[in-house]
Amino acid sequence: MRIYMSKTKEITYRQALNEALFEEMKRDEKVFLMAEDIGPYGGAYGVTLGLLEKFGEERVRDTAISEAAIIGAGLGAAMTGMRPVVEIMYIDFIGICMGQINNQVAKIRYMFGGKTKVPLVIRTEGGTGRTLGAHHSQSLESWFIHIPGIKVVMPATPYDAKGLLKTSIRDDNPILFIEHKMLYNTKGEVPEEEYLIPLGQAEVKRKGSDVTLITYSRMLLYSLEAADELEKEGISVEIIDLRSLIPLDVKTIIASIKKTNRVVIVEEDCKTGGVGAEVGMQIMENAFDYLDAPIKRVAGADVPMPKSPILEKLAIPDKERIVKAVKETLK
Amino acid sequence: MEKEEAIFLLKKMMQIRQFEDKISELLGKNIAQGGSHLYAGEEAVAVGAISVLNPDDYITSTHRGHGHAIAKGGKLPELMAEILGKATGVCKGKGGSLHLADLSQGNLGANGIVGGSLGIATGAGISVKMRKTKQVVISFFGDGALNQGIFHESLNMAAKWHLPVIYLCENNLYAMSVSVKRATAVEDLTRRALAYDIPAEKVDGMDILAVRKAVKKWVDFAREGKGPSFLVCNTYRYYGHSRSDARVYRTREEEKSWREKDPIILFSKKLIEGNVLKEEEIKDLEKKVREKIEAATKFAMESPLPEPEALYEDLYV
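What counts as what
Residues numbered from 1 in each chain as written. Chains lettered and ligands numbered in written order. Predicted model: local features only at pLDDT ≥ 70, side-chain atom pairs only at ≥ 80, totals over all residues. Heavy atoms only, no water. Helix = DSSP H or I, 4+ residues; strand = E, 2+ residues; numbered from the N terminus. Rg over C-alpha atoms; globule rule 2.2 N^0.38 Å. Contact = heavy atoms within 4.5 Å. Areas by Shrake-Rupley, 256 points an atom, 1.4 Å probe, with all protein chains shown as cover. Pairing = 2+ DSSP bridges. Axes fitted to C-alpha atoms, helices over the stretch in contact; angles between N-to-C directions. Parallel < 35°, antiparallel > 145°, perpendicular 65-115°, else oblique. Left-handed = near helix turned anticlockwise from the far one by under 90°. Nonpolar A, V, L, I, M, F, W, Y, C, P; charged D, E, K, R; others polar. Core = buried A, V, L, I, M, F, W, Y, C linked by side-chain atoms within 4.5 Å. Buried < 20%, exposed > 50% of the residue type's maximum accessible area, 1.4 Å probe, protein only. Domains from an automatic or database assignment. Salt bridge = Lys/Arg side-chain N within 4 Å of Asp/Glu carboxyl O. Polar contact = N/O pair within 3.5 Å; in protein donor to acceptor, adjacent residues only side chain to side chain. Right-handed = clockwise from strand over helix to strand, strands pointing away. Arc of directions from axis to C-beta. Phe/Tyr/Trp six-rings, centres within 6.5 Å; stacked < 30°, edge-to-face > 60°. Lys NZ or Arg CZ within 6 Å of the ring centre and 35° of its normal.

Q: Looking at this model, I keep getting lost on the overall build of chain B. Mind explaining?
A: Check the secondary structure of chain B and you find 11 helices and 7 strands. Against the compact-globule benchmark of 20 Å for 317 residues, chain B has a radius of gyration of 19 Å, which places it among compact chains. Within chain B, contacts between residues separated by at least 24 positions form 74% of all contacts whose residues are at least 6 apart in sequence. Of the roughly 13400 Å² of accessible surface on chain B, a fraction of 53% belongs to carbon and sulfur atoms.

Q: What is the right way to read the sheet that holds strand β5 (residues 121-126) of chain A from this model?
A: Backbone-to-backbone hydrogen bonds pair the strands of a sheet. The strands run either parallel or antiparallel. All names here are of chain A. Strand order across the open sheet formed by 7 strands is β3-β2-β4-β5-β7-β6-β12, with mixed pairing between neighbours. The open sheet has two edge strands, β3 (60-62) and β12 (244-246), and neither has a second partner. Between one strand and the next, the sheet's axes are offset by a mean angle of 20 degrees, whatever the strand orientation. Relative to strand β4 (residues 83-88), strand β2 (residues 31-35) runs parallel, the two sharing 4 bridges. Looking at the pairing, Val 31 lines up with Arg 83 of β4.

Q: Hey, could you run me through the packing of helix α3 (residues 67-79) of chain A against helix α5 (residues 118-131) of chain B in this one?
A: α5(B) packs onto α3(A) with a crossing angle of 55 degrees between their chain directions and a minimal axis gap of 6 Å. When the axes of α3(A) and α5(B) are compared, the pair comes out oblique. The interaxial crossing formed by α3(A) with α5(B) has right-handed handedness. Touching A:Gly72, A:Ala73, A:Leu75, A:Gly76, A:Ala77 and A:Met79 of α3(A) are B:Gly119, B:Ile120, B:Thr122, B:Gly123, B:Ala124, B:Ile126 and B:Ser127, all from α5(B). For the contact of α3(A) with α5(B), the class distribution of residues is 7 nonpolar, 6 polar and no charged.

Q: Looking at this structure, I do not really get the nonpolar core. What am I missing?
A: Soluble globular proteins tend to bury their nonpolar side chains together. In terms of nonpolar packing, the biggest core is built from 182 residues, with A:Ile94 and B:Phe230 touching the most fellow members. When residues of this core are assigned to their parent elements, the largest contribution, 10 residues, is made by helix α1 (residues 3-28) of chain B. Here this core spans two domains, since at least three of its residues come from each of domain 1 (8-191) and domain 2 (203-330) of chain A. Setting aside chain neighbours within four positions, we find A:Ile94 in contact with A:Ile88, A:Ile101, A:Leu140, A:Trp143, A:Phe144 and A:Leu176.

Q: Is there a simple way to think about the interface of chain A and chain B in this case?
A: By a widely used convention, the size of an interface equals the accessible area lost when the partners come together. In this assembly, 42 residues from chain A lie in contact with 39 residues from chain B. Viewed at the interface, chain B and chain A are joined by 0 salt bridges. Summed over the shared surface of chain A and chain B, the result is 16 residue pairs in polar contact (both at pLDDT 80 or more). Those elements that provide at least two residues to the side of chain A that touches chain B are β2, β3, α3, α4 (98-105) and α5 (108-111) of chain A.

Q: Quick question: what am I supposed to make of the pairing of strand β13 (residues 263-270) of chain A here?
A: When a strand is regular, its side chains alternate between the sheet's two faces. Residue and element names in this part refer to chain A. Of all 8 residues that make up β13, 7 are buried, and the element is covered over most of its length. In this structure, β13 lies alongside strand β14 (residues 296-300), joined through 4 bridges in parallel fashion. In the sheet register, Ile 265 faces β14, and the bridge partner there is Arg 297. Between β13 and its parallel partner β14, the chain crosses via helix α10 (residues 275-287), and the hand of that crossover is right-handed.

Q: How do you make sense of helix α10 (residues 263-273) of chain B when you look at a structure like this?
A: Quick reminder: α-helices carry 3.6 residues per turn. Residues three or four places apart thus point the same way. All names here are of chain B. Taken as a whole, α10 has its buried residues at Pro 263, Ile 264, Phe 267, Ser 268 and Leu 271. Buried residues of α10 fall within an arc of 125 degrees about the axis and therefore sit on the same side. The exposed set on the far side of α10, more than 90 degrees from its buried face, consists of Lys 269 and Glu 273. Looking at the packing, one finds that the buried side of α10 touches α1, α2 (43-50), α8 (208-223) and α11 (279-302). Between the side-chain oxygen at the start of α10 and the backbone nitrogen of Ile 264 there is a gap of 2.8 Å, and the oxygen is on Asp 262. Where α10 terminates, the next one or two residues include Asn 275, which has phi positive at roughly 60 degrees.

Q: Looking at this structure, I do not really get the environment of B:Trp161. What am I missing?
A: Within the secondary structure layout, B:Trp161 lies in the loop between α6 (149-160) and β3 (165-171). For the pair B:Trp161 and B:Gly125, spaced 36 residues apart in sequence, the C-alpha separation works out to 9.4 Å. Apart from the residues within four sequence positions on either side, B:Trp161 is in contact with A:Met34, A:Arg61, A:Asp62, A:Thr63, B:Ile126 and B:Lys129.

Q: It is not clear to me how the pairing of strand β7 (residues 175-180) of chain A should be interpreted in this structure. Could you clarify?
A: Residue and element names in this part refer to chain A. Taken across its 6 residues, β7 has 6 buried, putting it largely inside the fold. Here β7 shows two buried faces, one formed by Ile 175, Phe 177 and Glu 179 and the other by Leu 176, Ile 178 and His 180. Relative to β7, β5 is paired through 6 bridges, and the arrangement is parallel. Residue pairing for β7: Ile 122 is matched across the bridge by Leu 176.

Q: When you look at the packing of aromatic side chains in this model, what are you seeing that I'm missing?
A: Each aromatic ring pair is specified by the distance between its two centres and by the angle formed by the two planes. One pass over the full model with this rule turns up 13 aromatic pairs over all chains. With 5.7 Å between their ring centres and 70 degrees between their planes, A:Tyr13 and A:Tyr184 make a pair best called edge-to-face. You can see A:Tyr13 sitting in helix α1 (residues 13-27) and its partner A:Tyr184 sitting in the loop between β7 and β8 (187-191), a full 171 residues away along the chain. Exposure remark for A:Tyr184: the relative accessible area of 3% places this residue in the buried category. Centroid distance B:Trp218 to B:Phe221: 5.0 Å. Interplanar angle 75 degrees. Geometry classified as edge-to-face. In this pair, B:Trp218 and B:Phe221 are both assigned in helix α8, 3 residues apart and thus about one turn of the helix distant. In textbook terms, an aromatic cluster arises when at least three aromatic residues are bridged by ring pairs, as seen for A:Tyr13, A:Tyr45, A:Tyr90, A:Phe93 and A:Tyr184. Geometry around A:Phe22 places A:Lys54 over its ring, the cationic atom sitting 5.1 Å from the centre. One Lys or Arg, A:Lys151, reaches over the ring of B:Tyr316 and ends 5.6 Å from the middle of that ring.

Printed below as a string of structure tokens:
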């Protein structure tokens, strides 16, 4: 879909994130990293590899296992002139510092009448795929879209990961940047030259005319596979990758529904109270008249993530379930 | 002590006392709505500690934050208006008593969560160190925060990175209703610092000169790059935890014994005895402060409420 004006190179999602951090740290000395195991170890998924050697211990700070202090100190540094990028190794650990994120990071600018800025990026990762069980496999993004004051970004491709992380670091608002553990090794084209992607812009990742498939993060890959299969049967699927959940690009969603009149939402998080519930209601409020069929959701099961590979696979959407849902909405 | 400095310290303490008495009065008349945690009795701690800071040094405050805000240069009319939820308040009426903040004065904010600002203070310490500005940070918190996880996480982080933060515990003996003796496993609270290899000191929090002396020492220590410290200032809040508190957990005799050590009376006596100020001068000062508080109250009461449009303003940059 994308036409590059400049030369491109193929890199992994991990490298894309690493390049974004490197470029922004080089560009602005106020940017620094603070988290667990990001130094010599290079981050649990290797995203910060090599940065300690390039920028030193002052700017690549290995911390104790103290999630609340990581977030709190990130906030304090952000309020006083720095641009920290902190990390919670697995989103599953975020409950430990939820008070800091919910009550401090997200609220402090508003509570103080706009008299402070909080240029803080909280990187984390989520999702299933490594059979790590209930404490290392969650998709908790819907918790955060319910908290006014923090933006939520979830890239699916190396191109988006790099461009969105760079923009997030330059944004003067707090941002929860959620990566996916099964995307780090995926590859994609990114421009050789510098680029940024604005937050709050969904992207049509595949054009189609029969059904709109709305998704984000790893589920984009499953949705693309499903669309390929459906195309063989003559069904044309348009895929919207939300890329950021807050701000949510309702405009792009409505434009697509006006064309297809049918919607399937594909999400990895638990169905109840999930992202699809919000997106679905946005559609009901803003585009009901264009719908020819009920909105369908293909979502994660409402269970703690089980360890067994066969159960883990059953707990999240797959290509077959997406294909089935698309066909049902066309009936 | 220079006369000018003595007047400054005494005036600040009187401002806090009268500000709090006024808030209590406004709460009683339902002019101030919601709750408010009053600082009366603890004035020597905020004024003493903050008086040794430079204007660009940082503080973080607590749910009992009016005293810190006034001591850190907050403007009385703006603070009073904020507590009444007015558009002219220091946070445009969006914060209130629990969230008084004035970043232009280095006050990184009061906080509705016990221990909620310890991380912020620690991060400000990182920032100061990275920007090489020689600023210092005082993190105010109560004895209740001693048992929050982030207290331990923050002191550990500050110790490992030698951050210029003075962790100042205002021990007013009760975390809401539960006494520090019932809640906290160590009797000598300074021993908590041993776990982080941080120097610690106990201070008479009713004596402003003692507070100043101790805080000055540890501010210099932090400014010289020697790292964090932990101070326990023993003090007492005259009012209850909040307006609904009937104070059943403490005796009137105990309250009386602390009022006998009142920080304003104590300091006034010293100034008279030392021939720094005369009694009439002190009375005159008190009167002037009263006028300022009345003016601030009038400003706040006559100020407009926020416009409806303000609801969605200031969420994001």
